[in-house]
Amino acid sequence: MDEDATQVMNMVENYADTGKQLEDVADSLCKLALDNFIFGMEAANLCSKMANLEIEQVKFRYSILKSLQAQFVNRETLKKDNTNSWLGLVTFLVELFSVMRTQNGEILKALVKPVFVCLTELLGNSTEEEVEHCIHELKRRGRFLQEQDGCNMDKVILCLRERLVDPETSTYVRCLLLEVFEMSAKGWALDDDTKAFYKDIITRY
C-alpha cells in the first residue's frame, strides 16, 4: 500500500468510530468522485484498499456500493443537471469494478450491469463530450471489461459501430471511435505506428 493510501486509511480508522461514520466516509468519497472524474480513479483505489473495513457490523464495501447504487439510479437527473457528475459516475463505476474485489478476491458482480449500461448510454443519444468520455474509459479498461463479460462488451462495440456510421457524428468523433474499434479488434493493443497514425489524424480536428 502506498504512503498516501496508508495515510487515508489511518485517518478513516481514527475518524470512524461508528458504523454511521463509516457510511458517511463512503458517501463523501462517492460525492468527491462524482465531482471530479480524475479523482474518481484515485477514489476507487482508496475504496479498494478500505474494502474490508468493518465497524459495528457495517462493512465499507457494502456502504460504498450502496452509495454508488443510489447515484446510478439517479443518473438521469445527473445527465440533465450536471454532466460532470454523470461522467464522474461512469469513471468511478468502471474503476471500482476494475480494482475492488470481494473478500474472496472475486469481481463485484453487482457492478457488471451498471458499468455496461452507463457505457452504452454514453454512446447512444448523447453529446460529443459523452462519447469522448466513453472512449477514454474504453481505452483505459477495455481489455479488462472484455475479459470479464465478452457478451456485454460486444453490445458496447455494437453501439460504438452504430455511432460510427451515424451521419450526425462529426469527423473528429468518428476518428476517435474508429481507433477504439480497431483496438477492440486487435485485443485492445495497437502498435506504435497505428497509435501515431491516429494521433496525427485526431490532432488535425
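Residues numbered from 1 in each chain as written. Predicted model: local features only at pLDDT ≥ 70, side-chain atom pairs only at ≥ 80, totals over all residues. Heavy atoms only, no water.

**Section: the confidence of the model for the protein chain**
Part 1 of the reasoning: Per-residue confidence for the protein chain averages 92 on the pLDDT scale, and 95% of its residues sit at or above 70.
Part 2 of the reasoning: Taken element by element, the protein chain is modelled with least confidence in helix α1 (residues 3–15), mean pLDDT 66, and with most confidence in helix α7 (residues 112–123), mean pLDDT 97. (pLDDT = per-residue confidence, 0-100. Helix = DSSP H or I, 4+ residues; strand = E, 2+ residues; numbered from the N terminus.)

**A word on the pattern of salt bridges**
Part 1 of the reasoning: For the structure on display, the rule yields eleven salt bridges.
Part 2 of the reasoning: For Glu121, the salt bridge is made with Arg75, and the minimal N-O distance between the two is 3.0 Å. Taken as a pair, Glu121 in helix α7 and Arg75 in helix α5 (residues 75–81) lie far apart in primary sequence, 46 residues in all.
Part 3 of the reasoning: A residue is classified by how much of its surface remains accessible, and Glu121, at 21% relative accessible area, is partly exposed.
Part 4 of the reasoning: For Arg75, a relative accessible area of 15% corresponds to the buried category.
Part 5 of the reasoning: The partner of Glu95 in a salt bridge is Arg141, with the nearest N and O atoms 2.6 Å apart. Of this pair, Glu95 sits in helix α6 (residues 83–99) while Arg141 sits in helix α8 (residues 128–148), placing them 46 residues apart in sequence.
Part 6 of the reasoning: The class for Glu95 is buried, based on a relative accessible area of 5%. (Salt bridge = Lys/Arg side-chain N within 4 Å of Asp/Glu carboxyl O. Buried < 20%, exposed > 50% of the residue type's maximum accessible area, 1.4 Å probe, protein only.)

**Points about the nonpolar core**
The nonpolar side chains of a soluble globular protein tend to be buried, and buried together.
Part 1 of the reasoning: Residues Phe60, Ile64, Phe92 and Leu96 are the most contacted members of the largest nonpolar core, which totals 67 residues.
Part 2 of the reasoning: Counting residues per element, this core draws most heavily on α6, which supplies ten residues.
Part 3 of the reasoning: Beyond its immediate sequence surroundings of up to four residues, Ile64 is in contact with Ala26, Cys30, Cys47, Phe92, Leu96 and Met100. (Core = buried A, V, L, I, M, F, W, Y, C linked by side-chain atoms within 4.5 Å. Contact = heavy atoms within 4.5 Å.)

**What about the packing of aromatic side chains?**
Part 1 of the reasoning: Taken as a whole, this structure holds two aromatic pairs when the rule is applied.
Part 2 of the reasoning: Considering the side-chain rings of Phe97 and Phe144, the 5.6 Å spacing of their centres and the 65 degrees angle between planes classify their relative orientation as edge-to-face. Of this pair, Phe97 sits in helix α6 while Phe144 sits in helix α8, and the two are 47 residues apart along the sequence.
Part 3 of the reasoning: Residue classification places Phe144 among the buried residues on the basis of a relative accessible area of 14%.
Part 4 of the reasoning: Taken together, a centroid distance of 5.3 Å and an interplanar angle of 75 degrees make the contact between Phe197 and Tyr198 edge-to-face.
Part 5 of the reasoning: The ring of Phe72 is capped by Arg75, whose NZ or CZ atom sits 4.2 Å from the centre of that ring.
Part 6 of the reasoning: Note that Lys79 overlies the ring of Trp86, its terminal NZ or CZ placed 4.8 Å from the centroid. (Phe/Tyr/Trp six-rings, centres within 6.5 Å; stacked < 30°, edge-to-face > 60°. Lys NZ or Arg CZ within 6 Å of the ring centre and 35° of its normal.)

**Let's talk about helix α3 (residues 37–49)**
Part 1 of the reasoning: Taking 1.5 Å of rise per residue, the 13 residues of α3 would be expected to cover 18 Å, and the 19 Å separating its terminal C-alpha atoms lies within 8% of that figure.
Part 2 of the reasoning: For α3, the full list of buried residues reads Gly40, Ala43, Ala44, Leu46 and Cys47. An end-on view of α3 places all buried positions within 165 degrees of arc, on one side of the element.
Part 3 of the reasoning: By the N-cap criterion, in which a side-chain oxygen at the helix start approaches the backbone nitrogen of a residue two or three places on, α3 is capped by Asn36, the distance to Ile38 being 3.0 Å. (Expected span 1.5 Å × (residues − 1). Arc of directions from axis to C-beta. Polar contact = N/O pair within 3.5 Å; in protein donor to acceptor, adjacent residues only side chain to side chain.)

**Focus: the packing of helix α4 (residues 60–73) against α6**
Part 1 of the reasoning: At a minimum axis distance of 11 Å, the contact between α4 and α6 shows a crossing angle of 140 degrees. Note on packing geometry: the crossing formed by α4 with α6 is left-handed. Contacts from Ile64, Leu65, Leu68, Gln71 and Phe72 in α4 reach Leu89, Phe92, Leu93 and Leu96 in α6.
Part 2 of the reasoning: Its residues placed into classes, the contact of α4 with α6 shows eight nonpolar, one polar and no charged. (Axes fitted to C-alpha atoms, helices over the stretch in contact; angles between N-to-C directions. Left-handed = near helix turned anticlockwise from the far one by under 90°. Nonpolar A, V, L, I, M, F, W, Y, C, P; charged D, E, K, R; others polar.)

**Observations concerning α8**
Part 1 of the reasoning: At Arg141, α8 is deflected by roughly 70 degrees, the largest bend along its length.
Part 2 of the reasoning: Within the span of α8, buried status applies to Glu130, Val131, His133, Cys134, Ile135, Glu137, Leu138, Gly142, Phe144 and Leu145.
Part 3 of the reasoning: Looking at the buried side of α8, the elements it contacts are α3, α6, α7, α9 (150–165) and α10 (171–185). (Bend = angle between axes of the 7 residues up to and from the residue.)

**With respect to the environment of Glu76**
Part 1 of the reasoning: Here Glu76 is to be found in helix α5.
Part 2 of the reasoning: Using a relative accessible area of 43% as the deciding quantity, one classes Glu76 as partly exposed.
Part 3 of the reasoning: Measuring from C-alpha to C-alpha, the distance between Glu76 and Val156 comes to 19 Å, with 80 residues separating the pair along the chain.

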